[in-house]
Amino acid sequence: MNIFLLILWLDEGIAINVSKERSYLKNKERFTDFLMDIRPTLNKIRITEFEHGSKFVNDDYNGYDISYLLVRYLIENFSNDEINILIRDNDQVHKLEANIMNDVISYFYGK
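What counts, and at which threshold
Residues numbered from 1 in each chain as written. Predicted model: local features only at pLDDT ≥ 70, side-chain atom pairs only at ≥ 80, totals over all residues. Heavy atoms only, no water. Helix = DSSP H or I, 4+ residues; strand = E, 2+ residues; numbered from the N terminus. Salt bridge = Lys/Arg side-chain N within 4 Å of Asp/Glu carboxyl O. Buried < 20%, exposed > 50% of the residue type's maximum accessible area, 1.4 Å probe, protein only. 1 Å grid on protein atoms, 1.4 Å probe; cavity = no way out; pocket = protein on both sides within 12 Å on 5 of 7 lines; lining within 4 Å. Points joined across faces, edges and corners; volume = space filled by probe spheres on them. Nonpolar A, V, L, I, M, F, W, Y, C, P; charged D, E, K, R; others polar.

Participant: How should unusual backbone geometry be read in this particular structure?
Facilitator: Trans peptide bonds make up the majority, and among non-glycine residues the majority have a negative phi. Positive phi, normally seen in glycine, also occurs at Lys20, with a value near 65°. By the secondary structure assignment, Lys20 is in the loop between helix H1 (8-19) and helix H2 (28-38).

The structure is reproduced here in structure tokens:
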């Protein structure tokens, strides 16, 4: 039996993307503004250390924003089948975590 452990950034990122809570970010200009606003925070965090509370939202970063961006990257770069497999395999997620922030930065901000 596989033991499934909550991976906070993935869980919250999926929830935000599926709920369309941030549907206003489909607007290119608003998304660009969003990207510029959160860019300085992306190097301040370790997503593997996210916990609800002050390790998720604080003066340095907003874990909901970062989680949204990480999962949006997955949605734009992985097939539905790949995401479906990923969300059911914590080992795969942990492998992905090693480089996902660099991948996100390269993808959304260029090199």
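Participant: Can you walk me through the pattern of salt bridges in this structure?
Facilitator: Where charged atoms from two side chains of opposite charge approach closely, those side chains can pair. The full count for this structure, using the stated rule, is four salt bridges. Of the charged contacts, one joins Arg22 and Glu21 as a salt bridge, the two residues approaching to 4.0 Å between their closest N and O atoms. The class of Arg22 is buried, set by a relative accessible area of 11%. Residue class for Glu21 comes out partly exposed when judged on its relative accessible area of 49%. Two residues, Arg72 and Glu76, come together in a salt bridge whose shortest N-O distance is 2.8 Å. Of this pair, Arg72 and Glu76 are both found in helix H3 (residues 63-77), four residues apart, which corresponds to roughly one turn of the helix. Of the residues examined, Glu76 reaches a relative accessible area of 36% and is grouped as partly exposed. Sharing partners across several salt bridges, the network here consists of Glu21, Arg22 and Asp65.

Participant: Is there a simple way to explain the layout of surface pockets in this structure?
Facilitator: The method is simple in principle: a probe with the dimensions of a water molecule rolls over the atoms, and the space it marks as empty is what remains. The space that makes up the largest pocket amounts to roughly 240 Å³. Within the residue set of the lining of the largest pocket, elements represented by two or more residues are H1 and H3. Per-element accounting of the lining of the largest pocket gives the leading share, four residues, to H3. For the lining of the largest pocket, the class distribution of residues is four nonpolar, two polar and six charged. Approximately 150 Å³ is the volume attributed to the second largest pocket. Along the wall of the second largest pocket there are 10 residues; nearest its centre are Leu6, Ile7, Leu8, Thr48 and His94. Those elements that place two or more of their residues in the lining of the second largest pocket are H1 and helix H5 (90-97). The class makeup of the residues in the lining of the second largest pocket is seven nonpolar, two polar and one charged.

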